Amino acid sequence: MSTSRPLAQITPSRSPGPASARLSRRQKAAIIVRFLLNEGAEIPLTDLPEQLQAQLTTQMGSMRYVDRSTLADVVAEFAAELEAMGLTFPRGVAGALNALDGRISPQTAARLRKEAGVRQFGEPWEQVRAAATDDLMNMITRESTEVAAVMLSKLDVARAAELLGRLPGDQARRITYAVSQTGAVTPQAVDRIGLALAAQLHDVPETAFDEGPVERVGAILNFSAATTRDDVLTGLDETDQDFAKLVRKAIFTFVHIPARVAAVDIPKIIREVDQAVLVTALASASDQGGDLAPAAEFILGNISTRMADALREEIEEQGRVKPRDGETAMTEIVNAIRTLEARGEITLVSQEEEEDGDE
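A brief look at the structure comes next. Since this is a predicted model, take the numbers as computed values, not measurements.

Criteria and cut-off values
Residues numbered from 1 in each chain as written. Predicted model: local features only at pLDDT ≥ 70, side-chain atom pairs only at ≥ 80, totals over all residues. Heavy atoms only, no water. Helix = DSSP H or I, 4+ residues; strand = E, 2+ residues; numbered from the N terminus. Contact = heavy atoms within 4.5 Å. Areas by Shrake-Rupley, 256 points an atom, 1.4 Å probe, with all protein chains shown as cover. 1 Å grid on protein atoms, 1.4 Å probe; cavity = no way out; pocket = protein on both sides within 12 Å on 5 of 7 lines; lining within 4 Å. Points joined across faces, edges and corners; volume = space filled by probe spheres on them. Nonpolar A, V, L, I, M, F, W, Y, C, P; charged D, E, K, R; others polar. Core = buried A, V, L, I, M, F, W, Y, C linked by side-chain atoms within 4.5 Å. Buried < 20%, exposed > 50% of the residue type's maximum accessible area, 1.4 Å probe, protein only. Arc of directions from axis to C-beta. Patch = residues over 30% accessible without salt bridge, like charges linked within 9 Å, V, L, I, M, F, W, Y side chains within 5 Å. Salt bridge = Lys/Arg side-chain N within 4 Å of Asp/Glu carboxyl O. Axes fitted to C-alpha atoms, helices over the stretch in contact; angles between N-to-C directions.

1. Focus: the overall build of the protein
- Along its length, the protein carries 21 helices and 0 strands.
- Of all intrachain contacts in the protein linking residues separated by at least 6 positions in sequence, the fraction that spans at least 24 positions is 71%.
- Summed over all atoms, the accessible surface of the protein reaches about 22600 Å², with 53% contributed by carbon and sulfur.

As structure tokens, then:
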């Protein structure tokens, strides 16, 4: 198609064929964009490569008007192309990764992201603005005063003030003064700084496990026999007391029920457990005494009197329970509690809340 005549000189075609035949695709694109903007449509032009954005802007700036016939031809041609389009693909690696999210392995996705560069995650400064405050503080302390000044200038005022308030006084003053010197910084330099900072946010080593070691050890010990659990914790105390303390906080067993379970949730929990299992667990806990007996009484004390009396009668009839059977039954109750918590039907009191309440 010829592009020798500017659109300002185009008049309704007197020759056979639509008037739009004399327009370039760039001119037609400018007409469509202008038409959609006039109709109030939101067009995400920022998704286009910068070169295409510049070309579109230049093309629109060189045009003056089109007649109704030409506009109708261009719109009809555009609509025909849309109708003929059977399938579209995401633009670039970023779009492809978004489309395949959850369908390819995390390792493959991470490798492709690294190869494609930081921009595939989105606009670098948007990533920086969305970062956690602690991550931003770490970057500020690692970077030069000038880079920190640019970062604060690109953040929301409230966020920048929060970060500034957490810095030592002398460093905050140096960065504040550096902000006053950023007037001559070029957009290209700001873009490069944004890329470097965003790259730091994504420079996190891959891990093989979704949960940390404390959670994994705690989950294992939750299902272990009491003697095994006590032996392991004793060994951890000798090896690493801090780790052992964290593991103890992650553990939830039958003895923790009074401290971690709300009284109003007890009826809901026992409905999840077979009554024979419940009777065995309560009988065993009552027999063994120690920390287990209060847990049994907590359960019996937070259900209806009639049901509690019936359970006590069954406990008397059951007699002595083998320790292994009792422990298995108590584990089933704990599993029921964990299941209800996972479904969001109950909420356990955290160890931190429990400790605050004791103070």
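2. Considering the layout of surface pockets
- Here the largest pocket defines a volume of roughly 860 Å³.
- Every residue lining the largest pocket is counted, 22 residues in all, and those nearest its centre are Ala29, Ile32, Val33, Leu48 and Phe78.
- Elements with a minimum of two residues in the lining of the largest pocket: helix H1 (25-38), helix H2 (50-62) and helix H3 (68-84).
- In terms of residue count, H1 provides more of the lining of the largest pocket than any other element does, 7 residues in total.
- Here the lining of the largest pocket is composed, by residue class, of 14 nonpolar, 1 polar and 7 charged.

3. What to know about the nonpolar core
- Counting residues in each nonpolar core, the largest one holds 35 residues, and the members touching the most others are Phe254, Ile257, Ile266, Leu282, Ile333 and Ile337.
- Contributing elements (two or more residues each) for this core: helix H16 (266-270), helix H17 (275-288), helix H18 (292-300), helix H19 (305-318) and helix H20 (323-342).
- Each residue touching Leu282, except ones within four places of it in the same chain, is listed here: Phe254, Ala296, Ile299, Leu300, Leu311 and Ile315.
- With 23 residues, the next largest nonpolar core counts Ala131, Met137, Ile140 and Ala172 among its residues.

4. Structural notes on helix H12 (residues 213-222)
- Here H12 has its buried residues at Val214, Gly218, Leu221 and Asn222. Looking straight down H12, one finds that the buried residues subtend no more than 105° of arc, so they occupy a single side.
- Close packing links the buried residues of H12 with helix H13 (226-239), helix H14 (241-250) and H20.

5. Brief notes about a nonpolar patch on the surface
- Among the surface-exposed residues, Phe78, Leu82 and Met85 lie close enough to one another that they form a single nonpolar patch of about 280 Å² accessible area.
- Take Leu82: it is sitting in helix H3.

6. Considerations on the packing of H13 against H14
- Here H13 crosses H14 at 145°, and the two axes come no closer than 6 Å. For the pair H13 and H14, contact is made by Leu233, Leu236, Asp237 and Thr239 and by Gln241, Phe243, Ala244, Val247 and Arg248, respectively.
- Looking at the contact of H13 with H14, its residues break down into 5 nonpolar, 2 polar and 2 charged.

7. A few points about the environment of Ala308
- Checked against the element boundaries, Ala308 lands in helix H19.
- For Ala308, a relative accessible area of 4% gives the class buried.
- The spatial distance from the C-alpha of Ala308 to the C-alpha of Glu297 is 9.7 Å, given a sequence separation of 11 residues.
- Not counting the four nearest positions on each side in its chain, Ala308 is found in contact with Leu300 and Ile303.

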